[in-house]
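If you want the building blocks of each chain, they are given just below.
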Amino acid sequence: MSAPPMFPPFGPGCACCPPTSWWRPEQATKAMADGPRRDGPKLLNTFTRTKVPFVPLEGNRVGWYICGPTVYDSAHMGHARNYVNFDVLRKVMAEYFRYDVRFVMNVTDIDDKIVMRAHLRRSEEVLLIAEGEGLKGNGSVQTGIKALKQLLESGEKNLGEQERLTGELADAIRAADPSLVSNGDDSHPLSKSWSIQDAYLQLAHKFEAEFMEDMRLMGVMKPDILTRVSEYTDKIVTYIEQIIERGYAYASNGSVYFDVPSFESSTNHKYAKLNKSALENVELAMDGEGALVGDASEKKAENDFVLWKKSKPGEPSWNSPWGMGRPGWHIECSAMCSDVLGETVDINGGGIDLNFPHHENQLAQSEAFFDCEQWVNTFIHTGHLHIDGLKMSKSLKNFITIGSTLEMYSARQVRFLFLLHQWSDPMDLTPVAENEKVTGFKQMEHAVAIEKVFVEFFHSVKGVMRNTPGGYSVDQEQTWGEHERTLSTAIDTARDSVHKAMLDNINTPAVIKALKELIGAVNVYLQKVDQKEVRPLLIDSAARFITTILYCLGVAETSSKVGFGEIGADADKSKKSGGNSSEETLAPALDLIVKFRDEMRLLAKSGADVNELMRACDRLRDEGLPAIGVKLDDRDGGALWKMSDPEELKKEQKRELEAKAKKEEETRKKKEEAARKLAEKDAAAKIDPSEMFKIGEYQFLYSEFDSEGIPLKTTDGTEIAKAQRKKLAKVHGAQKTAHEKYLAKVGMDNLKL
């Protein structure tokens with residue numbers, strides 16, 4: 001008997017000896033030929049003004065630099081949109097496309113605006129002290145007040161003179177009342193040791209901390225690397241020296257300027273890559289030099305821009321080969337980004353207002369430093385945010401801070417607002433005001449409504465999943481029918497639509513639309529299928545996909561469990577109860593249950609009718625439960641409870657009450673208008689048709705009438721033309737019909753009496 005055939009064990013014995021043949025399906029062979037399916041997105045590249053396929057410069061790593069804030073004031077909604085947009089783009093690139101992103105952001109903490117604000121703040125504080133009751137009779141103080149106010153009101157930007165006058169006024173105050181300044185506090189505005197070298201940074205640190213807190217409250221991730229100009233002054237000097245050595249910059253009167261003509265004439269360099277009109281737009285280029293710019297005559301060409309500014313009296317300064325000075329605006333980003341990301345950068349970005357001159361000059365400086373043709377691979381710019389079509393600014397009184405916005409809306413709602421507008425497009429906000437105070441934005445109504453769609457969806461899903469924890473039960477049938485297959489197709493369609501939207505310049509409005517359509521499909525499924533026949537695994541699949549995408553967009557806390565979770569400022573509210581014992585956590589609910597039980601007992605003992613019991617139940621639903629963060633939805637077969645933030649429920653109730661009141665007011669006005677018109681109609685119907693042309697609007701128009709009261713002649717004796725009489729007869733006929741109806745109605749009313 002022959003030996004049985006030998007089969008290799010499971011798995012290959014070696015790479016050249018697989019255990020079995022792999023017969024690929026035809027589609028798989030074609031797919032392999034087409035290459036990988038998951039391409040990177042096409043991003044709107046400012047270099048080309050077109051959507052260009054994004055390809056990292058090195059493997060899967062992405063070096064990404066964005067221009068951070070100039071920290072001289074509170075951040076506003078324009079900042080919110082810019083940094084939330086970049087946060088969304090970053091999350092999508094890292095969490096959806098799975099790139100290894102190194103995200104770098106700078107903080108501009110040396111700037112003309114900061115220096116001027118530090119001086120102004122000191123001057124205002126000193127003036128406030130000087131104008132106090134105890135110093136009104138002091139001649140030196142009053143003289144100092146007058147001189148300083150005169151300079152400030154002139155608008156002249158002479159910081160040296162401002163510092164001198166403020167210092168002299170502070171000296172006069174100290175001499176009059178030494179107790180007004182505390183010893184050892186050099187930052188006090190009255191201190192003789194006060195210095196702009198320290199004061200500018202104290203101001204910058206204050207607003208940097210405020211900005212970073214605003215970003216945290218908005219749910220914006222911290223950068224991987226944060227760079228500050230104040231910590232880079234030595235490296236900036238070295239960077240400028242290299243540009244001079246390469247022949248693309250020159251020193252002049254203690255300042256250093258970039259030589260645009262020399263750079264432009266070089267065979268491997270090109271200026272105006274981002275903005276074709278950069279060489280002609282000299283006025284805008286000068287705006288980028290700052291408010292404390294030096295004499296233009298120091299420059300060789302009008303397009304040249306400053307790399308290092310010679311410091312004047314009243315300005316902070318650092319040592320350099322060209323004398324005491326400070327960095328220009330554009331050079332900081334070149335030096336810091338080059339230091340962290342090197343000779344090539346995958347993505348550089350910022351608001352569209354930075355396109356020129358800042359980014360154009362940043363690009364030129366860096367390419368001059370490395371003597372390379374192209375430093376940045378992809379430049380992306382987020383669109384402007386306008387208030388009623390105008391740029392946000394304090395002078396226009398349309399400056400709305402992030403902090404004040406978060407008092408009106410949740411961080412998630414604001415993020416939804418931005419997600420509903422494509423990040424690269426301009427966006428307009430319309431404030432809603434009461435008594436000159438902004439109470440909201442018109443566009444937020446849509447964002448709040450969209451958020452509610454997702455909130456209600458997650459509540460519905462969780463309601464389904466409560467019956468089958470984890471979506472599985474051995475006792476539950478799992479076989480799919482027609483409705484399940486329809487929903488499965490909807491899930492596949494949503495995945496495809498979301499992916500296409502992500503590839504298309506990370507089109508967040510289209511992503512939200514696709515998710516919303518999937519929610520609609522799930523809701524239809526839940527309506528058509530009996531609750532006991534629902535397939536929880538399928539519902540869970542749809543809900544987890546939606547949660548994952550919302551996580552990638554930064555409006556869900558995590559992708560590991562279904563639902564929003566809490567982000568930013570919303571998470572802070574939840575953490576307030578963190579670490580509490582079970583008793584502390586349950587206390588509000590238990591108190592409410594006991595109170596409701598006591599009320600029910602009293603009503604029952606007093607023989608209350610059904611209506612009183614129902615009103616008590618409604619009070620529990622509308623007042624008691626929302627106060628502890630629970631919302632009840634009355635449904636056939638039993639109410640559905642939903643957990644939410646109590647403050648958000650209050651706001652939702654307020655909006656619903658306001659909408660109800662508005663609707664009731666509109667209904668009341670419509671009824672009043674209808675009643676008025678009916679009254680006018682009844683009053684007109686009372687008039688006997690034989691008299692109608694002798695009174696009211698017709699009085700004094702006619703002098704002779706026929707037997708029915710239809711005019712024959714006008715007051716001047718002119719006989720009325722046949723065509724005109726025909727028109728008057730028609731009006732008379734209509735009045736006759738109305739009058740007869742009126743008489744019939746009066747007769748019926750009298751009969752009823």
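Here is what the cut-offs are and how they apply
- Residues numbered from 1 in each chain as written.
- Predicted model: local features only at pLDDT ≥ 70, side-chain atom pairs only at ≥ 80, totals over all residues.
- Heavy atoms only, no water.
- Helix = DSSP H or I, 4+ residues; strand = E, 2+ residues; numbered from the N terminus.
- Buried < 20%, exposed > 50% of the residue type's maximum accessible area, 1.4 Å probe, protein only.
- Contact = heavy atoms within 4.5 Å.
- Areas by Shrake-Rupley, 256 points an atom, 1.4 Å probe, with all protein chains shown as cover.
- Patch = residues over 30% accessible without salt bridge, like charges linked within 9 Å, V, L, I, M, F, W, Y side chains within 5 Å.
- Salt bridge = Lys/Arg side-chain N within 4 Å of Asp/Glu carboxyl O.
- Phe/Tyr/Trp six-rings, centres within 6.5 Å; stacked < 30°, edge-to-face > 60°.
- Lys NZ or Arg CZ within 6 Å of the ring centre and 35° of its normal.
- Pairing = 2+ DSSP bridges.
- Expected span 1.5 Å × (residues − 1).
- Arc of directions from axis to C-beta.
- pLDDT = per-residue confidence, 0-100.
- Polar contact = N/O pair within 3.5 Å; in protein donor to acceptor, adjacent residues only side chain to side chain.
- Core = buried A, V, L, I, M, F, W, Y, C linked by side-chain atoms within 4.5 Å.
- Axes fitted to C-alpha atoms, helices over the stretch in contact; angles between N-to-C directions.

Novice: Hey, could you run me through the overall build of the protein in this one?
Specialist: A count of helical and extended segments in the protein gives 22 helices and 20 strands. Within the protein, the proportion of its 753 residues that are buried is 43%. Sequence separation of at least 24 residues holds for 71% of the intrachain contacts in the protein that already meet a minimum separation of 6. About 40,900 Å² of surface is accessible on the protein, with carbon and sulfur atoms providing 54% of the total.

Novice: Would you mind going over a nonpolar patch on the surface with me for this structure?
Specialist: Judged by side-chain polarity, Y472, V474 and L537 come together as a nonpolar surface patch covering roughly 330 Å² of accessible area. Residue placement: V474 occurs in the loop between helix 14 (444–467) and helix 15 (482–503).

Novice: How should I be thinking about the packing of aromatic side chains in this particular structure?
Specialist: Given two aromatic rings, one states the distance between the centres and the angle between the planes to describe the pair. With the rule as written, the count across this model stands at 22 aromatic pairs. These aromatic residues form a ring-pair network of at least three members: F416, F454, F457, F458 and F564. Note that K206 overlies the ring of F207, its terminal NZ or CZ placed 4.1 Å from the centroid. For the cation-ring pair, K300 lies above Y250, with the distance from its terminal atom to the ring centre recorded as 4.5 Å.

Novice: It is not clear to me how the pattern of salt bridges should be interpreted in this structure. Could you clarify?
Specialist: Once the charged atoms of two side chains with opposite charge are near each other, the side chains can pair. Applying the stated criterion across every chain, the model contains 47 salt bridges. In this structure, D87 engages R415 in a salt bridge whose closest nitrogen and oxygen atoms are separated by 2.7 Å. With D87 in helix 2 (residues 77–96) and R415 in helix 13 (residues 411–419), this pair connects stretches of sequence that are 328 residues apart. For R415, a relative accessible area of 0% corresponds to the buried category. Here E213 makes a salt bridge to R216, at a shortest N to O gap of 2.8 Å. Taken as a pair, E213 and R216 lie in helix 6 (residues 196–217) at a separation of three residues, close to a single helical turn. Overall, the relative accessible area of 33% leaves E213 in the partly exposed class. Classification of R216 as partly exposed rests on a relative accessible area of 32%. Taken together, the shared-partner salt bridges in this structure form one network comprising D112, K309, K312, E315 and R326.

Novice: When you look at the sheet that holds strand 13 (residues 390–391) in this model, what are you seeing that I'm missing?
Specialist: Think of a sheet as strands paired side by side through backbone hydrogen bonds, with each pair either parallel or antiparallel. The mixed open sheet is built from three strands, whose spatial order is 13-12-14. Only two strands of the sheet have a single neighbouring strand rather than two, namely strand 13 and strand 14 (427–429). When strand 12 (residues 385–387) meets strand 14, the two strands line up parallel, connected through three bridges. Considered in strand 14, the bridge of L385 is made with M427.

Novice: I tried to follow the environment of N85 on my own but got confused; where do I start?
Specialist: Along the chain, N85 falls in helix 2. What makes N85 buried here is its relative accessible area of 5%. Residues N85 and G383, spaced 298 residues apart in sequence, show a C-alpha to C-alpha distance of 9.5 Å. Residues contacting N85, with those up to four places away along its chain left out, are T382, F418 and W423.

Novice: In this structure, what is going on with helix 7 (residues 233–245)? I would like to understand it.
Specialist: It helps to recall that an α-helix has 3.6 residues per turn; residues three or four apart then point in one direction. The first and last C-alpha atoms of helix 7 sit 19 Å apart over 13 residues, in line with the 18 Å expected at 1.5 Å per residue. Along helix 7, the positions that sit buried rather than exposed are T233, I236, V237, Y239, I240 and I243. Taken end-on, helix 7 shows its buried residues confined to a sector of 160°, consistent with a single buried face. Relative to its buried face, helix 7 has exposed residues pointing more than 90 degrees away, namely D234 and E245. After helix 7 finishes, the residue G247 shows a positive phi value of roughly 90°.

Novice: Even after reading the chapter, I still don't get the confidence of the model for the protein, so can you show me in this structure?
Specialist: Any residue range with low pLDDT should be treated as having predicted coordinates unsuitable for detailed reading. Mean pLDDT for the protein: 88, with 89% of residues reaching 70 or above. Under a pLDDT of 50 for its full length, residues 7–13 has, in the predicted model, six contacts with residues more than four places off or in other chains.

Novice: It is not clear to me how the pairing of strand 15 (residues 431–434) should be interpreted in this structure. Could you clarify?
Specialist: Here is the key point about a regular strand: its side chains alternate between the two faces of the sheet. Of the strand pairs in this sheet, strand 15 and strand 16 (residues 437–441) are connected by four bridges, and their pairing is antiparallel. Among the inter-strand pairings, P431 is bridged to a residue of strand 16, identified as F441. Connecting the antiparallel pair strand 15 and strand 16 is a turn made up of two residues, with N435 showing a positive phi of about 55°.

Novice: Just to check I follow, could you spell out the side chain of T547 for this structure?
Specialist: Following the sequence through the fold, T547 ends up in helix 17 (residues 536–552). At a separation of 2.8 Å, a polar atom in the side chain of T547 contacts the main-chain carbonyl oxygen of A543. Here G563 takes part through its backbone nitrogen, which lies 3.2 Å from a polar atom of the side chain of T547.

Novice: What is the right way to look at the nonpolar core in this model?
Specialist: Nonpolar side chains in soluble globular proteins generally cluster together in the buried interior. In this structure, W64, M77 and F454 are the most contacted members of the largest nonpolar core, which totals 89 residues. Apart from residues no more than four positions distant in its own chain, M77 is found in contact with L385, M392, I400, I402, T405, V414, L417, F418, L429 and F441. V237, L292, L354 and W375 belong to the second-largest nonpolar core, a separate cluster that totals 60 residues.

Novice: Sorry if this is basic, but what is going on with the sheet that holds strand 9 (residues 325–327) here?
Specialist: Spatially, 6-7-8-9 is the arrangement adopted by the four strands of the open sheet, whose pairing is antiparallel. Each edge of the open sheet is held by one strand with a lone partner, namely strand 6 (249–252) and strand 9. Across this sheet, the average inter-strand angle for adjacent strands is 25°, counted without regard to direction. In terms of strand pairing, strand 6 meets strand 7 (residues 255–258) through four bridges, oriented antiparallel.

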